Every structure is written in C-alpha cells, then in structure tokens.
Number of protein chains: 2
Amino acid sequence: MESLRERKKQATRVALQEAALRLALRKGPENVRVEEIAEAVGVSPRTYNNYFPSREHAIVAALTAARAPEIPPGVPLADGIIDAVVGYYTDPGEAMLIIVTNPALRACYAEAVTGIEGPVAAAITARGADPRTAEVLAAAVAAAARVALRRWVQPAGVPGLVMVSGGLPELIRAALAPLAPALAAAKAHSVA
Amino acid sequence: MESLRERKKQATRVALQEAALRLALRKGPENVRVEEIAEAVGVSPRTYNNYFPSREHAIVAALTAARAPEIPPGVPLADGIIDAVVGYYTDPGEAMLIIVTNPALRACYAEAVTGIEGPVAAAITARGADPRTAEVLAAAVAAAARVALRRWVQPAGVPGLVMVSGGLPELIRAALAPLAPALAAAKAHSVA
DNA sequence: ACGCAAAGTTGCGTGCACGCAACTTTAGGC
DNA sequence: GCCTAAAGTTGCGTGCACGCAACTTTGCGT
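These numbers come from a predicted model, not from an experiment. (Residues numbered from 1 in each chain as written. Chains lettered and ligands numbered in written order. Predicted model: local features only at pLDDT ≥ 70, side-chain atom pairs only at ≥ 80, totals over all residues. Heavy atoms only, no water.)

Topic: the overall build of chain A
In terms of helices and strands, chain A carries eleven helices and zero strands. Counted from the first residue to the last, chain A has its helices and strands arranged as α-α-α-α-α-α-α-α-α-α-α. Out of the 192 residues belonging to chain A, those deemed buried represent 39%. A fraction of 66% describes how many contacts in chain A between residues 6 or more apart in sequence connect residues 24 or more apart. Summed over all atoms, the accessible surface of chain A reaches about 9,900 Å², with 58% contributed by carbon and sulfur. (Helix = DSSP H or I, 4+ residues; strand = E, 2+ residues; numbered from the N terminus. Buried < 20%, exposed > 50% of the residue type's maximum accessible area, 1.4 Å probe, protein only. Contact = heavy atoms within 4.5 Å. Areas by Shrake-Rupley, 256 points an atom, 1.4 Å probe, with all protein chains shown as cover.)

And the structure:
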C-alpha cells in the first residue's frame, strides 16, 4: 500500500538524507547544523529529530539506505557470507572518506553495521541452523566486520607492528576467516 | 606510582560512581540529574563530564568498576572463556534490575560489555593464537554476550515462541556455545 | 461532500554533552 | 622555599535530543 502519507514521509526522509549528505560533503560534517538540514528540506528542526535520532544518522542513512547484503544460496555458508559482507562495503564512493574522518560519524556507521545481522541470520537459518544459533553467529559476523572497519581506519597503531592496511575487502576477509569454523559447525549441526 | 593527583582523581571518580548509583537506586535513574550527582560529591557539573561522558556512564561504571573476567589457563579455551564470562555477569545484586529497566542504561551497559574483549583476547593470544585472530574472536564473544543480555531482558518476543528466559548464566552459555568451534580452531591453528 | 479519528508537524522547555578560555592546584627542578 | 610548567577544575556559551501539548493534515466511513 502506497498511501499519500507513506509516500510523503518517505520523500521527506530521502530529502533529509540527501540534504544532510550534500551539506556534509560541501562544508564538512562538523560544520553542518541540524537547523540547516531541516531548512534545506523545508521542515522544522523538531521534525528532523522525528526522522533521525541524531545529527549523524541522516548522513549515514544516505549511504546505507536501500542496501542489503545478498547471500548466494549455492556456495558454502562461510564463503557466501564473506562475499556478501565484502560486497556490502565495497561501493562507497568518496563519501566514505567523510565518514572515516569524523569520529561521531564513524561511531554511527559502526552502529549501522548491525543492519547486516538480520539478513545474515536469515541466511544461516535458511541453511537449516537453529534460529538462536543463527542470531549469535550473525552478531559475531557483524562484530568481525566492525573490527575490520576499525583496522581499516586505524593508522596501524603501534609503529612497530605490521601495516597490513591494504584494501577494505581484504581486511574483511581476514576478519571473518576466524569465524568460518563456527559457521561450518552451525551447518553441520543442522544436518545432524 | 600513587601521586596525590592520581589518588584525588580516583577518589572523586569513585565518589561520583557511588553517588550516581545511590541516587539512581533511591529515586529511579530517570529522576537523577547530573547536577545532583555533582553536588553530592562537591564538584561542578562540568567536572562530572570530565570524568564520565554521559549521565548513565557513572551508574554503569559503579557496577563494572574493578571487575575483570579471569580466564583459567588450564581448561579448554572455550570452557574457560564461557566460565569467565558467566562469572563476570553473575554477581550483580539488585542494581542490575535498575539497569535492565531503563533503556538508556541498558544501552550503556551493553556498550560496556566491550570491556571484556581485552582480557578475552589476551587469553586467546596466550594460547598461542594469532593476535589478530584473537581480536576478532574476542569481539565475537562480546557480541554473543550482548545477545544473551538482550534475550535475558526481552519479554520473550513473539508470544508463540519458546520462553527459555531462565537464568542469565544459562543464556550466556547457550549464546557462547555456537562460537566454540571457532575458538577450538584458533587454538588448533596455533598448534599447526 | 462531511466530519471525525489517526497520524504527522511544530514550538517550547528542559537537560545533557562539550569546546573554550580563564583560574587553581600539584609536581618537581633549582 | 620558590618558581614554572603541567594537570585539573570551573563557568560560559552553543548545539543537540526529546517529552509534551497544541495544531494541521490525511484517511475513511457514511
């Protein structure tokens, strides 16, 4: 059902996301006031907060909106999940730089990683695993993805340590690899 | 080194934690103002925020302060970690009820679960695993613990579903179980 | 077409988080 | 003991998040 209400709400939501991202790209995320975003869309600041719970959420939503990981059903579970997560994070254009630059945006983006838990859990369940097991493993996958993001951003921490920081896809694969045995076991458990 | 500075800082920090918890228990967490906590300790509100980044953090800190999970070195890795995490969450007296009642405190407490990642990662590394693997697995363990906490709080979600919500320890064991294969593999990998 | 109930928007008031620039306290060399 | 630098505290100002109570718009039955 696409009532007028729904369409209007969605329109202002999208407008707010786009305005927030545009302003952040132009002036830097620090220098964007909620009032500006609201004004650019023709809405009150109070209404902005009815749509987004913080100043950062609209910007992050502009990047994560309408993006859901797709997990291929044929391949082994671990491989499918890894590819899906890698694909999920491998579009971001220049906007990604804005996000990793700003601490508040980084935190908000890391929080948004939770969004992959639902689809991942569904995929694991679809393979026959117990839903509660799937929930835990999906949370673990999201946690590993956050670790990968953290490593990607970090300037390599202690100077003496390895500077692996290659591409984000490689970091994600490396971070998810230790979870593969648990994913395989979940599948096996479903068979038993 | 216990300089006068350090001792004073620690004293006010502890005083703030205790005051925050005491007031929260007496009046309910919602009705405690930062100004009150600061005044109870004899410090300015601004100083409160130099110690804690939010109103909730002091209350949560009062419960998580000086608590580090102890992971026995002898037993199998997964068992040791599970027992340690269970023990970590199995003291909380009546104060726990205050926390699970309030959404903001719940969020803050869940965030504090990150505190176990360090010790857990250290224990995994101590068994010979790669530090980067240990970091990922520790994050996964923390994520599983958060799932257990979520399940413990939730009023059993959909009415038709199982109402497992027994004790928190059982929930934690159930949530960590799916990660056991990954923990075992990390240890095996170190041996190979 | 009418009118009522549900949903959405807005202004207001309050409390919180925090950068900044004074000001005060502590540490340590002399 | 004295003086200076480092560390800590405080007041102030600003912007944000959100509960609340009007007010406006939309949906829908008649």
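So, the protein's contact with DNA strand C
As a structural note, the neighbourhood of DNA strand C is formed by 19 residues, with T47(A), N50(A), K8(B), R46(B) and S54(B) the closest of them. Here the atoms of DNA strand C within 4 Å of the protein split so that 66% fall in sugar or phosphate, with bases taking the remainder. Contact between DNA strand C and Y51(A): a phosphate oxygen at 3.1 Å from a side-chain N or O atom of the residue. A distance of 2.6 Å separates a base oxygen of DNA strand C from a polar atom in the side chain of R46(B). Put simply, the parts of the chain that give the surface near DNA strand C at least two residues each are α1 (4-27) and α3 (45-51) of chain A together with α1 (4-27) and α3 (45-51) of chain B. Element by element, the count of residues in the surface near DNA strand C is highest for α3(A), at four residues. Of the residues belonging to the surface near DNA strand C, the class tally is five nonpolar, six polar and eight charged. (Near = heavy atom within 4 Å. Polar contact = N/O pair within 3.5 Å; in protein donor to acceptor, adjacent residues only side chain to side chain. Nonpolar A, V, L, I, M, F, W, Y, C, P; charged D, E, K, R; others polar.)

Points about the interface of chain A and chain B
Taken together, the contacts link 22 residues of chain A with 22 residues of chain B. The contact between chain A and chain B buries some 1,800 Å² in all, and 64% of this surface belongs to carbon and sulfur atoms. Broken down residue by residue, the surface that chain A buries against chain B is led by R132(A), V136(A) and R151(A), which jointly contribute 32%. Viewed at the interface, chain B and chain A are joined by four salt bridges. E135(A) is paired through a salt bridge with R150(B); the nearest N and O atoms lie 2.8 Å apart. (Buried area = accessible area lost by both parts, 1.4 Å probe. Salt bridge = Lys/Arg side-chain N within 4 Å of Asp/Glu carboxyl O.)

A few points about the pattern of salt bridges
This model, assessed by the stated rule, comprises ten salt bridges over all chains. A salt bridge links R55(A) to E56(A); the shortest N-O distance between them is 3.4 Å. In this structure E56(A) comes out as buried when scored by relative accessible area, which is 14%. Connected through shared salt-bridge partners, E135(A), R150(B) and R151(B) make up one network.

Examining the protein's contact with DNA strand D
Residues in close proximity to DNA strand D total 19 residues, the closest being L4(A), K8(A), R46(A), S54(A) and T47(B). At 2.6 Å from a base oxygen of DNA strand D is found a side-chain nitrogen or oxygen belonging to R46(A). P53(A) places a polar main-chain atom, nitrogen or oxygen, 3.4 Å from a phosphate oxygen of DNA strand D. Among the elements that take part in the surface near DNA strand D, α3(B) stands out by supplying four residues, more than any other. A breakdown of the residues in the surface near DNA strand D according to their chemical character gives five nonpolar, six polar and eight charged.

Geometry only, nothing functional implied.
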